[in-house]
Amino acid sequence: MTTAPERTADLYPTRGTTEVATPRMDPVVWSDPGAPGPISAPDLAGYERDGFLAIDQLITPDEVETYRRELERLTSDPGIRADERSIVEPKSQDIRTVFEVHKISEVFASLVRDPRVVGRARQILGSDVYVHQSRINVKPGFGATGFYWHSDFETWHAEDGLPKMRTVSVSIALTRNHDTNGGLMIMPGSHQTFLGCSGETPKDNYKKSLQMQDAGTPSDESLTKFADAHGIRLFTGEAGSATWFDCNCMHGSGDNITPYPRSNVFIVFNSVENRAQEPFAAPVRRPEFIGARDFTPVK
Ligand SMILES: O=C(O)CCC(=O)C(=O)O
Ligand SMILES: [Fe+2]
């Protein structure tokens, strides 16, 4: 009898003694050319080239209202605030992130199942998909902190054991994303290079990294090279707009010192053919609410 390997070959080394750049070894779009789906061929080609796809209106203003009310309900519920799935701002102690919102809330669960959402994920990944992670990121005004530059895949590979780059995120705006209130920035084309970061992963790294990124942080030299080569694009848009982006995009966002909150819901879809294995570069798995091991496809 043979048993499944705990881990396949490590295509993307990271968290060693030095930073190493590895060319991407996986497709960006996994479906067959011309396969049916909600994304047009030119948009899909743009996604493949840049690593992202911006959509002006993924959900209607009425739907935005529903989701925003739900976000307010969740973030003002003391039970949710006390839950380990909620992360608070280090200074103000305001809620910054609530994980696993599709399990906590039926309203957000229905968003995950929405064909406009899951249909695009299936088309990009060329298979059935499950939710690796979901969260709302609340960036209230007057000083909420940003997310330093990173590739999500670097973390998901090192700490959650995702073997291949077959994962896509969607960030749906629930408030207007101005050019001033801490919107998402991506370096277009950066998804073609994997930047393995230097430094070992401490045990329980996730607790610290959710408030402030440390292990898995690129050096200033590499970020300068990446930015010089690719430029930086800032995503703005009305509530209801969305950005789809590949798991290996170099991205981040600034603080929000404006009075205008910037809140988004994030859903991370992984291919059912790319299930999480043992972590590639961390002593322990992260908890289920951050890196799922329930591989049930979204139907
Ligand atoms: O503020 C943002 O949109 C970036 C968030 C992000 O990169 C993350 O949650 O992994
Ligand atoms: Fe990220």
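In what follows, the structure referred to is the one given above.
About the thresholds
Residue positions are given per chain, counted from 1 along the sequence in the order it is written. Key to labels: chains lettered from A, ligands numbered from 1, both in the order written. A pLDDT threshold of at least 70 governs which residues receive local features in this predicted model, and a stricter bar of 80 or more applies before side-chain atom pairs are shown or counted, although totals over entire chains, interfaces and linings include all residues. Side-chain metrics in this entry use all non-hydrogen atoms of the structure; hydrogen atoms and water are not considered. Between N-to-C directions, angles cover 0 to 180 degrees, with each direction set by a line fitted to C-alpha atoms, over the stretch in contact for helices. Counting from the N terminus, the helices are DSSP H or I runs at least four residues long and the strands are E runs at least two residues long. Should an angle fall under 35 degrees it is called roughly parallel, over 145 degrees roughly antiparallel, and 65 to 115 degrees roughly perpendicular, with every other angle called oblique. Note on convention: the crossing is left-handed when the near helix lies turned anticlockwise from the far helix by less than a right angle, right-handed when the turn is clockwise. Whether two residues are in contact is decided by their heavy atoms: any pair within 4.5 Å suffices. Amino acids are sorted into nonpolar (Ala, Val, Leu, Ile, Met, Phe, Trp, Tyr, Cys and Pro), charged (Asp, Glu, Lys and Arg) and polar (every other residue, Gly among them). Using protein atoms alone on a 1 Å grid, points that fit a 1.4 Å probe yet trap it form a cavity, whereas open point sets bounded by protein on both sides within 12 Å along at least five of seven lines form a pocket; residues with an atom within 4 Å of a point count as lining. Grid points are joined across faces, edges and corners, and a volume is the space filled by probe spheres set on the points. Distances are taken per atom, and a residue is near a molecule or strand as soon as one of its heavy atoms is within 4 Å of it. Each accessible area value is a Shrake-Rupley result obtained with a 1.4 Å probe; residue values ignore everything except the protein chains displayed when judging cover. Here, the term nonpolar core denotes a set of buried Ala, Val, Leu, Ile, Met, Phe, Trp, Tyr and Cys residues that are joined through side-chain atoms within 4.5 Å. Burial classes follow relative accessibility: with a 1.4 Å probe on protein chains only, a residue under 20% of its type's maximum area counts as buried, one over 50% as exposed, and anything between as partly exposed. We call an atom a donor if it is N, O or S and sits within 2.8 Å of the metal, or 3.2 Å for Na, K and Ca. Water is not counted, so some sites may look partial. Salt bridges, as used here, are contacts in which a Lys or Arg side-chain nitrogen is within 4 Å of a carboxyl oxygen on Asp or Glu. Any pair of Phe, Tyr and Trp rings, taking the six-membered ring for Trp, is counted once the centres come within 6.5 Å. Such a pair is stacked with planes under 30 degrees apart, edge-to-face with planes over 60 apart, and tilted for the rest. Cation placement over rings: the criterion is NZ of Lys or CZ of Arg within 6 Å of the ring centroid and within 35° of the ring normal. For two strands to be treated as a pair, DSSP must find no fewer than two bridges joining them.

Participant: Please explain the packing of helix H2 (residues 61–76) against helix H5 (residues 106–113) as it appears in this structure.
Facilitator: Two quantities define a packed helix pair, namely the angle between the helix axes and the distance between the axes. Direction vectors running N to C along H2 and H5 enclose 140°, while the axes themselves pass 9 Å from each other. Accordingly, the angle class assigned to the pair H2 and H5 is oblique. Between H2 and H5 lies a crossing whose hand is left-handed. Contact residues: H2 offers Thr66, Tyr67, Glu70, Leu71 and Leu74, while H5 offers Val107, Phe108, Ser110 and Leu111. Of the residues that constitute the contact of H2 with H5, the class distribution is six nonpolar, two polar and one charged.

Participant: Even after reading the chapter, I still don't get the layout of surface pockets, so can you show me in this structure?
Facilitator: Picture a little ball the size of a water molecule; that probe, rolled over the atoms, points out where space is still empty. Empty space within the second largest pocket amounts to approximately 260 Å³. As for the second largest pocket, its lining consists of 19 residues, of which His102, Lys103, Val131, Thr296 and Val298 are closest to the centre. At the level of elements, helix H4 (101–104), H5 and strand S5 (129–139) are the ones that each hand at least two residues to the lining of the second largest pocket. Residue contributions to the lining of the second largest pocket peak at five residues, all from S5. Here the residues of the lining of the second largest pocket sort into eight nonpolar, five polar and six charged.

Participant: Looking at this structure, how should I read the site of ligand 1?
Facilitator: Around ligand 1, a shell composed of Arg135, Asn137, Lys139, Phe147, His150, Asp152, Leu184, His251, Ser253, Arg262 and Phe266 is seen. Protein contacts shield 96% of the accessible area of ligand 1, which totals 290 Å² for the unbound molecule. Sorting elements by how many residues they give to the shell around ligand 1 places S5 first, with three residues. In terms of residue class, the shell around ligand 1 is built from three nonpolar, four polar and four charged.

Participant: Where do I start with the nonpolar core in this structure?
Facilitator: Nonpolar side chains tend toward joint burial in soluble globular proteins. In terms of nonpolar packing, the biggest core is built from 40 residues, with Phe108, Leu111, Val117, Ile172, Trp244, Ile267 and Phe269 touching the most fellow members. The biggest single contributor to this core is helix H6 (residues 115–125), with five residues. For Ile267, the contacting residues outside a window of four places in its chain are Leu111, Val112, Val117, Val131, Gln133, Ser134, Val168, Ser169 and Val170. The next biggest cluster of nonpolar side chains, apart from the first, holds eleven residues, and it includes Phe153, Trp156, Phe194 and Cys247.

Participant: Help me understand H6, please; the structure alone is not making it clear to me.
Facilitator: In an α-helix, one turn spans 3.6 residues; hence positions three or four apart end up facing the same way. Burial runs high along H6: eight of the eleven residues are buried. Positive backbone phi, approximately 65°, marks Gly126, located one or two places after H6.

Participant: Got a minute to help me understand the coordination of the iron ion (ligand 2) in this structure?
Facilitator: Think of it this way: four donors in a tetrahedron around the metal ideally sit 109.5 degrees apart, and six in an octahedron ideally sit 90 or 180 degrees apart. At 2.1 to 2.2 Å from the iron ion (ligand 2) lie its protein donor atoms, namely His150 (NE2), Asp152 (OD) and His251 (NE2). The sequence pattern formed by the donor residues of the iron ion (ligand 2) is H-x1-D-x98-H. The two residues His150 and Asp152 agree in class, both being buried.

Participant: Is there a simple way to think about unusual backbone geometry in this case?
Facilitator: Excluding glycine, a negative phi dihedral is what most residues carry, and trans is how most peptide bonds are arranged. In this structure, Glu100 takes a positive phi of about 55° despite not being glycine. On the secondary structure map, Glu100 appears in the loop between strand S4 (95–99) and H4. Phi at Phe142 takes a positive value of approximately 65°, unusual for a residue other than glycine.

Participant: I'm lost on the pattern of salt bridges in this one. Help?
Facilitator: Oppositely charged side chains are able to pair whenever their charged atoms sit close together. Enumeration over the complete set of coordinates arrives at 19 salt bridges. A salt bridge links Glu154 to Arg15; the shortest N-O distance between them is 2.8 Å. With a gap of 139 residues between them, Glu154 in helix H7 (residues 152–160) and Arg15 in the segment before strand S1 (20–23) connect regions that are remote in the sequence. No difference in accessibility class separates Glu154 from Arg15, as the two residues are buried. Look at the salt bridges and you will find they share partners, linking Asp83, Arg85, Glu100 and Lys103 into a network.

Participant: Would you mind showing me how to read the packing of aromatic side chains here?
Facilitator: The relative placement of two aromatic rings is captured by the distance of their centres and the angle of their planes. Scanning the entire structure with this criterion turns up eight aromatic pairs. Summarising the aromatic geometry, the rings of Tyr12 and Phe153 are spaced 5.4 Å apart at their centres and angled 85° between planes, so their arrangement reads as edge-to-face. Placement of the pair is Tyr12 in the segment before S1 and Phe153 in helix H7, with a sequence separation of 141 residues. One exposure class covers both Tyr12 and Phe153, and it is buried. An angle of 75° between the planes, with centres 5.1 Å apart, marks the rings of Tyr130 and Phe295 as edge-to-face. Of this pair, Tyr130 sits in strand S5 while Phe295 sits in the segment after strand S13 (262–271), and the two are 165 residues apart along the sequence. Exposure class is identical for Tyr130 and Phe295. Each is buried. Each residue in the set Tyr12, Phe153 and Phe194 is aromatic and connected to the rest through ring pairs, giving one cluster. Just above the ring of Phe147 sits the side chain of Arg96; from NZ or CZ to the centre is 4.3 Å.

Participant: Looking at this structure, how should I read the sheet that holds strand S6 (residues 147–150)?
Facilitator: Hydrogen bonding along the main chain pairs the strands of a sheet, whether they run parallel or antiparallel. With antiparallel pairing, the four strands of this open sheet are ordered in space as S6-S12-S8-S10. Two strands close off the open sheet at either side, each with one partner strand: S6 and strand S10 (233–234). Pairing geometry for strand S8 (residues 184–186) and strand S12 (residues 251–253), over three bridges, is antiparallel. The partner of Leu184 across the bridge, within S12, is Ser253.

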